[in-house]
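Now for the letters of each chain:
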Amino acid sequence: MIRAVIDTHVFVSALLTPGSNASAILDWVRANKIELLVSRSILAEIELVLQYPKLAKRHRMSPEQIREFLDAYARIAQITEEKMEVRAIKADPADDKYVACAVEGGADFIISGDHRLTELKTYRGIRIVTPGDFVEIIKAKE
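Being a predicted model, the structure only gives us computed values, none of them experimental.

## A closer look at the nonpolar core
Counting residues in each nonpolar core, the largest one holds 52 residues, and the members touching the most others are Val5, Ile6, Val99, Ile111 and Phe134. Of all the elements, helix 6 (residues 96-105) adds the most residues to this core, at 6 residues. Once residues lying within four places of it in the same chain are set aside, the contact partners of Val99 are Val86, Ala88, Ile89, Ile110, Leu117 and Tyr123.

## Some thoughts on the pattern of salt bridges
Per the counting criterion, the structure on display carries 8 salt bridges. We note a salt bridge from Arg3 to Glu35, for which the minimum N-O separation is 2.8 Å. Here Arg3, found in strand 1 (residues 2-6), pairs with Glu35, found in strand 2 (residues 34-38); they are 32 residues apart in sequence, far enough to count as distant. In this structure, Glu47 engages Arg67 in a salt bridge whose closest nitrogen and oxygen atoms are separated by 3.1 Å. In this pair, Glu47 is assigned in helix 3 (residues 40-50) and Arg67 in helix 5 (residues 63-76), connecting sequence segments 20 residues apart. What makes Glu47 partly exposed here is its relative accessible area of 21%. A relative accessible area of 38% places Arg67 in the partly exposed class. Linked through salt bridges whose partners overlap, the residues forming this network are Asp95, Asp114 and Arg116.

Cut-off values and rules
- Residues numbered from 1 in each chain as written.
- Predicted model: local features only at pLDDT ≥ 70, side-chain atom pairs only at ≥ 80, totals over all residues.
- Heavy atoms only, no water.
- Core = buried A, V, L, I, M, F, W, Y, C linked by side-chain atoms within 4.5 Å.
- Buried < 20%, exposed > 50% of the residue type's maximum accessible area, 1.4 Å probe, protein only.
- Helix = DSSP H or I, 4+ residues; strand = E, 2+ residues; numbered from the N terminus.
- Contact = heavy atoms within 4.5 Å.
- Salt bridge = Lys/Arg side-chain N within 4 Å of Asp/Glu carboxyl O.

From the geometry alone we can't say anything about function, so treat these as descriptive.
Spelled out as structure tokens, the structure:
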């Protein structure tokens, strides 16, 4: 099974744009076609971002609903221990948590909507791709 780290941009896009590539990726996670790798700090970032007033107006989820949404993914994900430190994204070191999670969890992919991550392309054999590219890869394998 493909193991992947999915960044905050993808989670937000999936919620705001049903039917999008990001939404399809989360559907595959729920259908157990992709193994989600995540860390507590990634989950915390997603929760924080989803509570931004501008986004909250669009998705209309309460803080409790956001927690339930993330808890559902945490239950089916492999949660990494965050013991590894990585310095791969010089322009935005906060994004290193995605790379560290991927390395620690043995990911095949990091799926990201953040150009700072996707510009890296690969890290220690882990492919860093956009949601659109990932969907194309999966469809080509079917």
